[in-house]
Amino acid sequence: MALVISAKQKLKGFGGKENMENNKLRDEILELLWSMREKGSKSYAALIEGIQESEASDVLRKMEKAGMVAIHNDNVELTDKGEARSRDLTRRHRLAERLFHDVLDVGMQESEETACEVEHFLSPSVTDSVCSFLGHPPTCPHGKPIPRGDCCLKYKNEVKPLVVQLKEFDVGGKGRIVFIVPSENSRLERLASMGIVPGSVIRLKQKRPSFVLEIDETTLAVDSLIAEEIYVKGQK
Ligand SMILES: [Zn+2]
Ligand SMILES: [Zn+2]
């Protein structure tokens, strides 16, 4: 699949010359604020420490002026405007990680670094296509939630998904497990002990009353809840 990077998607920045870098820094700050908030933190000091760039406080002040963040004492809060962009960036970053890591088999660190670049350029419609293509994954490979997009809510399948939940997979079909998103962490170990791990090639034998699949010569049964957590890419 070709990743289209749209030139039109150039960010509206602060204006001026040295601002490509500043805009990138601004986006890094927005993204860090998002993941800090997931952990319940909005500390100004922690933010500056996490960014490790000498211009971070200057850029933050500009962001405050531009109405993206509100700074009170030691707290930095996203405004609605900042929140919307931060959410988009996080969504693009985590989807790109899934794409590179799980589908294209790029190593974890390289996936992460590439995601950091790509997140600035993916257009909204390409982002939704990548999301649909990946079967609307709920988390990134690190297990962090991917903010939902229009595509996930509407479940419109204009893009034929490459990766689907085992629940949606055709009976008789053969596929490779691309990723597993367990609702309970303990489950991953139990599935692994049965050979249900990313990379395993499965054949789906039946869906009712339970999901029966074959891995190598072994036949296994899982319930439908688990079949929703296993993402599979079809194979010939
Ligand atoms: Zn991640
Ligand atoms: Zn989606």
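Note that the structure is predicted; figures quoted are calculated from it, not measured.

Visitor: Sorry if this is basic, but what is going on with the sheet that holds strand 5 (residues 201–206) here?
Guide: Spatially, six strands are ordered 3-8-4-5-6-7 in an open sheet, and the strand pairing comes out antiparallel. Edge positions in the sheet fall to strand 3 (163–165) and strand 7 (218–222), since each has one partner strand and no second. The sheet shows a mean angle of 45 degrees between the axes of neighbouring strands, taken without regard to direction. Across three bridges, strand 3 lies against strand 8 (residues 230–235) in antiparallel orientation. In the strand pairing of strand 8, Q165 is matched with Y231.

Visitor: Honestly, the pairing of strand 7 in this entry has me stumped. Any pointers?
Guide: Side-chain positions along a regular strand alternate between the two faces of the sheet. Inspection of the sheet shows strand 6 (residues 211–215) paired to strand 7 by five bridges, in the antiparallel sense. Across the sheet, the residue bridging to F211 is V222, located in strand 7.

Visitor: Help me out: how do you make sense of unusual backbone geometry in this one?
Guide: Note: most residues except glycine have negative phi, and most peptide bonds are trans. Here the residue pair R208 and P209 is connected by a cis peptide bond, since its omega of 0 degrees sits within 30 degrees of zero. Assignment of secondary structure puts P209 in the loop between strand 5 and strand 6. Look at H136: it is not a glycine, yet its phi comes out positive at around 55 degrees. Its place among the elements puts H136 in the loop between helix 6 (124–133) and helix 7 (150–154). The class for H136 is buried, based on 22 C-beta atoms found within 10 Å. With phi around 50 degrees, D216 is a residue other than glycine that occupies positive phi space.

Rules behind the numbers
Residues numbered from 1 in each chain as written. Chains lettered and ligands numbered in written order. Predicted model: local features only at pLDDT ≥ 70, side-chain atom pairs only at ≥ 80, totals over all residues. Pairing = 2+ DSSP bridges. Helix = DSSP H or I, 4+ residues; strand = E, 2+ residues; numbered from the N terminus. Axes fitted to C-alpha atoms, helices over the stretch in contact; angles between N-to-C directions. Buried ≥ 20, exposed ≤ 12 C-beta atoms within 10 Å, placed from the backbone.

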